[in-house]
Amino acid sequence: MKIKPPRLEKGDRIGIVAPAGPVLQDEIQPGLDFLESLGFEPVCSPHLYDRKGYLAGEDKARVKDLHAMFREKKIKAVLCARGGYGTHRILQKLDYGLFSRNPKLFVGYSDITALFFALFKKSGLVTLHGPVLRDLLKGDGRNAALLLKLMTSDELTTVNFPSGTAVKEGRAEGVVLGGNLSLISHLVGTPFLPSFRGKLLFIEEKGEPLYRIDRMLTHLLLSGELEKCAGFMVGTLEECGDPSSVIDLIKERCSRLNMPILTGLPVGHGEHNVPLPIGVRAVLDTRTMSLAFREPCVRS
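Residues numbered from 1 in each chain as written. Predicted model: local features only at pLDDT ≥ 70, side-chain atom pairs only at ≥ 80, totals over all residues. Heavy atoms only, no water.

Draft legend 1. Up close: the sheet that holds strand 13 (residues 281-285). Taken in spatial order, the eight strands line up as 6-14-13-8-9-10-11-7 in an open sheet, and their pairing is mixed. A strand with exactly one partner marks an edge of an open sheet, and here the two such strands are strand 6 (158-160) and strand 7 (165-168). Between one strand axis and the next, the sheet turns through 30 degrees on average, direction left out of account. Here six bridges tie strand 8 (residues 171-180) to strand 9 (residues 199-206), and the two strands are oriented parallel to one another. Along strand 9, the bridge assignment pairs Leu177 with Leu201. Against the sheet, helix 4 (residues 113-122) touches strand 8 and strand 9, its axis set at about 130 degrees to strand 8. (Pairing = 2+ DSSP bridges. Helix = DSSP H or I, 4+ residues; strand = E, 2+ residues; numbered from the N terminus. Axes fitted to C-alpha atoms, helices over the stretch in contact; angles between N-to-C directions. Contact = heavy atoms within 4.5 Å.)

Draft legend 2. Broad picture of the packing of aromatic side chains. Taken as a whole and judged by the stated rule, the model has six aromatic pairs. Taken together, a centroid distance of 5.7 Å and an interplanar angle of 85 degrees make the contact between Phe106 and Phe116 edge-to-face. On the criterion of sequence distance, the pair formed by Phe106 in strand 4 (residues 105-108) and Phe116 in helix 4 is long-range, its members being ten residues apart. You'll find Phe106 and Phe116 in the same group, each marked buried. Among the aromatic residues, those joined into a cluster by ring pairs are Phe70, Tyr96, Phe99, Phe106, Phe116 and Phe192. (Phe/Tyr/Trp six-rings, centres within 6.5 Å; stacked < 30°, edge-to-face > 60°. Buried < 20%, exposed > 50% of the residue type's maximum accessible area, 1.4 Å probe, protein only.)

Draft legend 3. Spatial organisation of the nonpolar core. Residues Ile16, Phe106, Leu200, Leu226, Phe232 and Leu291 are the most contacted members of the largest nonpolar core, which totals 103 residues. With seven residues, the single largest contributor to this core is helix 4. (Core = buried A, V, L, I, M, F, W, Y, C linked by side-chain atoms within 4.5 Å.)

Draft legend 4. Seen up close, the pattern of salt bridges. Here the structure, examined in full by the defined rule, presents 16 salt bridges. Across the pair Arg171 and Asp285 runs a salt bridge, and its minimum N-O distance is 3.8 Å. Taken as a pair, Arg171 in strand 8 and Asp285 in strand 13 lie far apart in primary sequence, 114 residues in all. On the accessibility criterion, Arg171 (53% relative accessible area) is exposed. (Salt bridge = Lys/Arg side-chain N within 4 Å of Asp/Glu carboxyl O.)

Draft legend 5. View of the layout of surface pockets. One number sums up the size of the largest pocket: a volume of about 390 Å³. As for the largest pocket, its lining consists of 17 residues, of which Ser163, Gly235, Thr236, Leu237 and Gly264 are closest to the centre. When contributions to the lining of the largest pocket are tallied by element, the ones reaching two or more residues are strand 10 (231-238) and helix 8 (243-254). A total of four residues in the lining of the largest pocket trace back to one element, the largest contributor, which is strand 10. Residues that form the lining of the largest pocket fall into these classes: eight nonpolar, eight polar and one charged. (1 Å grid on protein atoms, 1.4 Å probe; cavity = no way out; pocket = protein on both sides within 12 Å on 5 of 7 lines; lining within 4 Å. Points joined across faces, edges and corners; volume = space filled by probe spheres on them. Nonpolar A, V, L, I, M, F, W, Y, C, P; charged D, E, K, R; others polar.)

Draft legend 6. Representation of the pairing of strand 1 (residues 13-17) within the structure. In terms of burial, strand 1 is a largely internal element, four of the five residues being buried. Both strand 1 and strand 2 (residues 41-44) contribute to a ladder of four bridges, which runs parallel. Paired with Ile16 across the strands is Cys44, a residue of strand 2. Handedness of the strand 1-helix 1 (residues 25-37)-strand 2 crossover: right-handed. Note that strand 1 and strand 3 (residues 75-80) share five bridges and pair parallel. Each residue of the ladder has a partner; that of Ile16, found in strand 3, is Leu79. (Right-handed = clockwise from strand over helix to strand, strands pointing away.)

Draft legend 7. Quick peek at the environment of Phe192. Assignment of secondary structure puts Phe192 in the loop between helix 6 (181-187) and strand 9. Judged by its relative accessible area of 9%, Phe192 is buried. Spatially, the C-alpha atoms of Phe192 and Gly97 are 14 Å apart, while their sequence positions differ by 95 residues. Contacts of Phe192, omitting those with residues within four sequence positions, involve Leu91, Gln92, Tyr96, Phe117, Ala118, Lys121, Lys122 and Leu187.

The quantities given are spatial measurements derived from coordinates; they are silent on function.
See the structure below:
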């Protein structure tokens, strides 16, 4: 069952959590100031600035903060401070019933992909793949403006592919699912991977050489999951080698798939990280080079 969170209103409290890598206050202060300037009240979780090597503190502390933010009735949305690494470690420790009973807007990307997939599979929660607090002001604030529009209204949105390439032409409707390729690949074979059947899947990545992109794509193909999708979109592959070589790889590995395939989705670790709702229906059309959402990600 799909569960949509209530939309955000001016004056609402937004919880800030770090469920993956550590973050410094200086890195997120501009984002906190920006939210306050819009009339929202950011609330930092107790363990937000914890650090344990490459993690934002102990697993149990990160789980506790996440649970507390969703349990607290006065918190209306939860925004991740950053990605990094660490969400895979806490998937088995989460109370998924808590998220179902207290649906809230939950925003992030990169390593947060694992949480999005697990929450959709176990709780039915619709989430928002979008800028984390540390990156909120990238893209001259356009990413943030689009994010706030999705969070505060039930207006339908359309994402265009201005520099996209149609690897395979066509039109398909389905539920949008996606995120970081590494995280998705490593969820295959676990109980936290949602069904790909009929989904419009998107991927993005950063800092992986071409052969690793090849390996992860091949893993998805060998698992049989990718061929179940209704459509496939490739976002920004930042610092992953020559863009034309990446497109050639997508063509070579995925052209046999019977679905529309588009590259150039403005989503990922670059300057453009257009927010995408995960768990709602949309139409992918290579003729119009667009992804048009058929329903909002929030309820009034």
